[in-house]
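Okay, here's what each chain looks like letter by letter:
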Amino acid sequence: MKEVKLGEYREDVEKLLKYLPWLEQKAGNNVSRIYDEDGLSGSTISFPVYDSTLMNFINEATASGLMDDNYHYAYSRNSIHNVEDEKAAIERATVADSEVLTGILSRYVLGGRTKGTLWSEGVSEGIFLLILKKMKKLLEIWDAPLA
């Protein structure tokens, strides 16, 4: 398990905070569509096309120090099994629980590489939004206000 200290990811969180307004606007909405150019969907493999802002967010999150390849451990240690458990874990996270937040974020960002619906779910369920808001709040309590 990669141990992340709160202060270590301040810069990464600051970079992702620019997506807060977009995530607030898109919460509860679908941010992908199935490619169906010229009605080819009946004879070809369908694949999702994602909102460009979502892809920028995913790319920046992936390049950040917030990703944890072992996010499964955060889920098992905290008995997280579904979206409601994720939301509850995010809500009760404290400064000492950064691995829970990075674990949930990593599941959606890294897991979306093989299960594409996770990226859209992260937006529509408000998971990305809740994580960024919680990280911002914790960093402001721990250190100084963020932009």
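All figures in this text were calculated on a predicted structure; none of them were measured in a lab.

Draft legend 1. Highlighting the pattern of salt bridges. Applying the stated criterion to the full structure yields 6 salt bridges. Lys87 is the salt-bridge partner of Glu125, the closest N and O atoms lying 3.5 Å from each other. Note that Glu125 is positioned in the loop between helix 7 (117–124) and helix 8 (127–142) and Lys87 in helix 5 (residues 83–92), a separation of 38 residues in sequence. In this structure Lys87 comes out as partly exposed when scored by relative accessible area, which is 30%.

Draft legend 2. Region of interest: helix 8. Between the first and last C-alpha of helix 8 there are 22 Å, a value that for 16 residues agrees with the 22 Å anticipated at 1.5 Å per step. Every buried residue belonging to helix 8 is among Ile127, Phe128, Leu129, Ile131, Leu132, Lys134, Met135, Leu138 and Leu139, and all of these are buried. On its buried face, helix 8 sits against helix 1 (10–16), helix 2 (20–26), helix 3 (52–63), helix 5, helix 6 (98–111) and helix 7.

Draft legend 3. The arrangement of the packing of aromatic side chains in detail. Applying the stated criterion across every chain, the model contains 4 aromatic pairs. With a centroid separation of 5.4 Å and an interplanar angle of 80 degrees, the aromatic rings of Tyr19 and Phe57 are classed as edge-to-face. Here Tyr19, found in the loop between helix 1 and helix 2, pairs with Phe57, found in helix 3; they are 38 residues apart in sequence, far enough to count as distant. Like Phe57, Tyr19 is buried. An aromatic cluster of at least three residues, connected via ring pairs, comprises Tyr19, Phe57, Tyr108 and Phe128. The lysine or arginine in question, Arg107, covers the ring of Tyr108, its NZ or CZ lying 5.0 Å from the ring centre.

Draft legend 4. Representation of the packing of helix 3 against helix 7. The N-to-C vectors of helix 3 and helix 7 enclose an angle of 100 degrees; their axes lie 11 Å apart at closest approach. By the criterion of interaxial angle, the relationship of helix 3 to helix 7 is roughly perpendicular. Contacts between helix 3 and helix 7 pair Leu54, Met55 and Ile58 from the former with Trp119, Ser120 and Val123 from the latter. Looking at the contact of helix 3 with helix 7 residue by residue, the classes come out as 5 nonpolar, 1 polar and no charged.

Each value, and the rule that gives it
Residues numbered from 1 in each chain as written. Predicted model: local features only at pLDDT ≥ 70, side-chain atom pairs only at ≥ 80, totals over all residues. Heavy atoms only, no water. Salt bridge = Lys/Arg side-chain N within 4 Å of Asp/Glu carboxyl O. Helix = DSSP H or I, 4+ residues; strand = E, 2+ residues; numbered from the N terminus. Buried < 20%, exposed > 50% of the residue type's maximum accessible area, 1.4 Å probe, protein only. Expected span 1.5 Å × (residues − 1). Contact = heavy atoms within 4.5 Å. Phe/Tyr/Trp six-rings, centres within 6.5 Å; stacked < 30°, edge-to-face > 60°. Lys NZ or Arg CZ within 6 Å of the ring centre and 35° of its normal. Axes fitted to C-alpha atoms, helices over the stretch in contact; angles between N-to-C directions. Parallel < 35°, antiparallel > 145°, perpendicular 65-115°, else oblique. Nonpolar A, V, L, I, M, F, W, Y, C, P; charged D, E, K, R; others polar.

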